[in-house]
Amino acid sequence: MVTPHPNHKPPEHGIHLMTDTIKLDINGKAFTLAAEPRVTLLDALREHLGLTGTKKGCDQGQCGACTVHLDGERVLACLTLAAQAEGKAVTTIEGLAGEDGTLHAVQAAFLEHDAFQCGYCTPGQIMSAVACIREGHAGSDAEIREYMSGNLCRCGAYPHIVAAVRQAAEAVR
Amino acid sequence: MKPFTYSRAASLDESRTATTVAGAALLAGGTSLLDLAKCGVTEPEQVVDITRLDGLDTIQASSEGARFGALARMSRVAAHADVLANFPAVAQSLSLAASAQLRNMATLGGNLMQRTRCGYFRDPRAFPNCNKRNPGSGCAALGGVTRNHAVLGTSEACIASYPGDLATVLVAFDAVVHLGERAVPADDFFLLPGDTPDVEHPIQPGEVITAISIPGSAAAKRSTYLKVRDRQSYEFAAASAAVGLELEADGRTIRDLRVALGGVASKPWRSRAVEAELIGKSLTEEAVCAASWRAVDGAVPHGDNAYKIELAPRVVARAILSLGGLA
Ligand SMILES: Cc1cc2nc3c(=O)[nH]c(=O)nc-3n(C[C@H](O)[C@H](O)[C@H](O)COP(=O)(O)OP(=O)(O)OC[C@H]3O[C@@H](n4cnc5c(N)ncnc54)[C@H](O)[C@@H]3O)c2cc1C
Ligand code: SF4
């Protein structure tokens, strides 16, 4: 037998009332939300918790706009169920700056290098870049391009994004 | 996505039981399952998360061989020093696949089970006829846009290509897929489409992938994975080659050679004809280029994908020559 998740309530007579209580740790704060099990981490953040900094682009894992960190590692929130994130630390773009509003080195570098045009992919780019630098994959422009390839920018701001990541990597080092 | 229930398997036995329940699906990294659920290709009623099972994410590699737990994540295996040292083609095939985010999420077990990227397969609303999704309904790809379809191992029922990178390396080096007690050679783990393109693996209800193992060899230690694609990164292979090479003490004569192709066939495609042609011969550009054409023995083009028949042998040749220091 498959044991249901302790919070799981079975569907009632064909009506899909499968609302679960999902507990999430986001940017160091505890949240409890009532949501169906099919709700992705992306929709939980944006639609249930009002954390709209994480963007929905393709919603199919192809563009990287929804990149967040799970226990410090970059993942795609659109292909992660909110329930899968239970018990793990979620970090979003809203959790990157210091308490006093001081920007993270990567955020500051993106501003300095004008590493965006429309800005829609930017939160995902920044979350990805923070992890890319932490992983040690920002050693050269070629390496930055390869390890940032999961984040598409349809405005084509790539040269500035590479410059920003390079500068932030040096600042962190 | 249609509504489903979510639960966490508390033991391997629970996950085995889940595979016998109609409408239930195992969830590992979710990068394939949730993607296909969003496309409407799969409509699970029960999703059973197996990622919290203990002991299934181990990574071991030495010159004797490698063993990876089914839940080992792509990024971890790709970066593992012992894998890089003893099975470089395995590490390369993983780090050249998908994106850094997806590799952090995806598991090796889920990776093997990924489905074709055939655009008709992935769009049930627009294209109801797909023998892989809906047996007997026909094949919408025939006569359509076929740039990424297979030229090897196809059937009248289905011309889809298998898109995975890792599995191409696994068949080259005689890896084994472990389903608990039962062990299946990687080459047999992928089935030809024939009349039943919906049946892709010999895995039975009650079985889950527990591990992947690869015997050690000199060829695996001197190996490479060359992936050629429409854009430089974050793209599936137009054609790829997993190659391993062992030379005799004279440094010239080929003692052992492994060749497998990706992105061009209905399953990861071992090319024994190229191996047989070159083993015992001297490693020269001329011999390698001539023999590499055997990689597409029996290939059949379907419109747009004819370029793969030209491309695949060149990818094989370049991979062998680069390993031999000649390219
Ligand atoms: C945008 C994008 C680009 C990609 N590019 C590439 C690429 O270039 N190369 C490449 O090789 N791949 C690529 N992939 C595919 C990716 O590698 C797979 O989606 C991933 O490896 C699947 O692993 P998972 O753990 O997320 O599987 P899941 O999605 O969790 O599972 C996939 C399937 O396997 C089953 N399953 C999972 N674990 C087991 C088990 N232990 N036993 C039995 N069944 C199991 C599940 O029930 C499900 O049916 C790409 C994917 C995306 C979304
Ligand atoms: S090629 Fe195979 S997967 Fe694609 S539409 Fe035809 S039957 Fe379906």
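Basis of the calculations
- Think of each chain on its own: its residues are numbered from 1, step by step along the sequence as written.
- Chains and ligands are labelled sequentially in the order written, the chains with letters from A and the ligands with numbers from 1.
- For this predicted model, a pLDDT threshold of at least 70 governs which residues receive local features, and a threshold of 80 or more governs which side-chain atom pairs are given and counted, while totals over whole chains, interfaces and linings are taken from all residues.
- In computing side-chain properties, one takes all heavy atoms of the structure into account and sets aside hydrogens as well as water.
- Where helices and strands are cited, they refer to DSSP runs of H or I of at least four residues and of E of at least two residues respectively, numbered from the N terminus.
- Classification of residues uses two cut-offs on accessible area relative to the type maximum, computed with a 1.4 Å probe and protein chains only: under 20% is buried, over 50% is exposed, and between them is partly exposed.
- The contact rule is simple, with two residues in contact once any of their heavy atoms fall within 4.5 Å.
- Computed by Shrake-Rupley with a 1.4 Å probe, the accessible areas treat only the displayed protein chains as cover when residues are assessed.
- When we say a residue is near a molecule or strand, we mean one of its heavy atoms is within 4 Å of it.
- Put simply, the grid is 1 Å and covers the protein atoms alone, a cavity is a trapped set of points that fit a 1.4 Å probe, a pocket is an open set with protein on both sides within 12 Å along at least five of seven lines, and lining residues have an atom within 4 Å of a point.
- The rule for placing a molecule in a cavity or pocket is simple: more than half of its atoms must lie within 2 Å of the grid points.
- For the domain bounds, the source is a domain assignment made automatically or taken from a database.
- By buried area we mean how much accessible surface two parts lose on assembly, using a 1.4 Å probe and totalling the loss over both.
- The working definition used for a salt bridge is a side-chain nitrogen of Lys or Arg within 4 Å of a carboxyl oxygen of Asp or Glu.
- Only strands that DSSP links by at least two bridges are regarded as paired with each other.
- The arc under discussion is defined with respect to the helix axis, by the directions toward the C-beta atoms.
- Put simply, a nonpolar core is a bunch of buried Ala, Val, Leu, Ile, Met, Phe, Trp, Tyr and Cys residues held in one set by side-chain atoms that sit within 4.5 Å of each other.

(A) Molecular detail of the overall build of chain A. Assigned secondary structure in chain A consists of five helices and five strands. For chain A, the α and β elements follow one another from N to C terminus as β-β-α-β-β-β-α-α-α-α. The buried share among the 173 residues of chain A stands at 49%. Restricting to contacts in chain A with at least 6 residues of sequence separation, those with at least 24 account for 51%. With an accessible surface of roughly 7,900 Å², chain A has 54% of that area assigned to carbon and sulfur atoms.

(B) Just the site of ligand 2, in detail. As a structural note, the neighbourhood of ligand 2 is formed by 14 residues, with Cys118(B), Cys130(B), Cys139(B), Cys158(B) and Ile159(B) the closest of them. Of the pockets mapped on this structure, ligand 2 occupies the second largest cavity.

(C) Region of the structure containing the domain arrangement of chain A. Residues and elements named next belong to chain A. Domain parsing of chain A yields domain 1 (20-95) and domain 2 (105-172). If you average the C-alpha positions of domain 1 and of domain 2, the two centres end up 21 Å apart. Across the contact, 15 residues belong to domain 1 and 17 residues belong to domain 2. For the pair domain 1 and domain 2, the summed buried area comes to about 1,300 Å², and 53% of that belongs to carbon and sulfur atoms. Interface area lost by domain 1 to domain 2 is led by His69, Arg74 and Ile93, which between them contribute 47%. Applying the counting criterion to the domain 1 and domain 2 interface returns one salt bridge. Note that Arg74 is salt-bridged to Glu135, the shortest N-O span being 2.8 Å.

(D) Quick peek at the pairing of strand β9 (residues 223-228) of chain B. Residue and element names in this part refer to chain B. For β9, the buried fraction is high: five of the six residues fall into the buried class. With six bridges connecting them, β9 and strand β10 (residues 239-247) associate as antiparallel partners. What sits directly across from Val228, in β10, is Ala239.

(E) Main features of helix α2 (residues 105-112) of chain A. Residue and element names in this part refer to chain A. Among all positions in α2, only Val106, Gln107, Ala109 and Phe110 are buried. For α2, the buried positions fall inside an angular range of 165° around the axis, keeping them on one side. Seen from the buried face of α2, the exposed residues on the opposite side, beyond 90 degrees, are Leu111 and Glu112. Of the surrounding secondary structure, the elements contacted by the buried residues of α2 are α3 (122-135) and α5 (158-172). Where α2 terminates, the next one or two residues include Asp114, which has phi positive at roughly 55°.

(F) The arrangement of the nonpolar core in detail. Counting residues in each nonpolar core, the largest one holds 42 residues, and the members touching the most others are Phe68(B), Val77(B), Val83(B), Val90(B), Leu108(B), Leu112(B) and Ile214(B). The dominant element in this core, judged by the number of residues it contributes, is helix α8 (residues 166-172) of chain B, at six residues. Leaving out residues up to four positions away in the same chain, Leu108(B) has contacts with Phe68(B), Ala70(B), Ala72(B), Met74(B), Val77(B), Leu94(B), Leu166(B) and Ile212(B). Residues Ile26(A), Val39(A), Leu152(A) and Phe4(B) belong to the second largest nonpolar core, which totals 35 residues.

(G) Spotlight on the domain arrangement of chain B. If you check the domain split of chain B, you get domain 1 (5-49) and domain 2 (218-323). Taking only C-alpha atoms, the centre of domain 1 of chain B and the centre of domain 2 of chain B are 36 Å apart.

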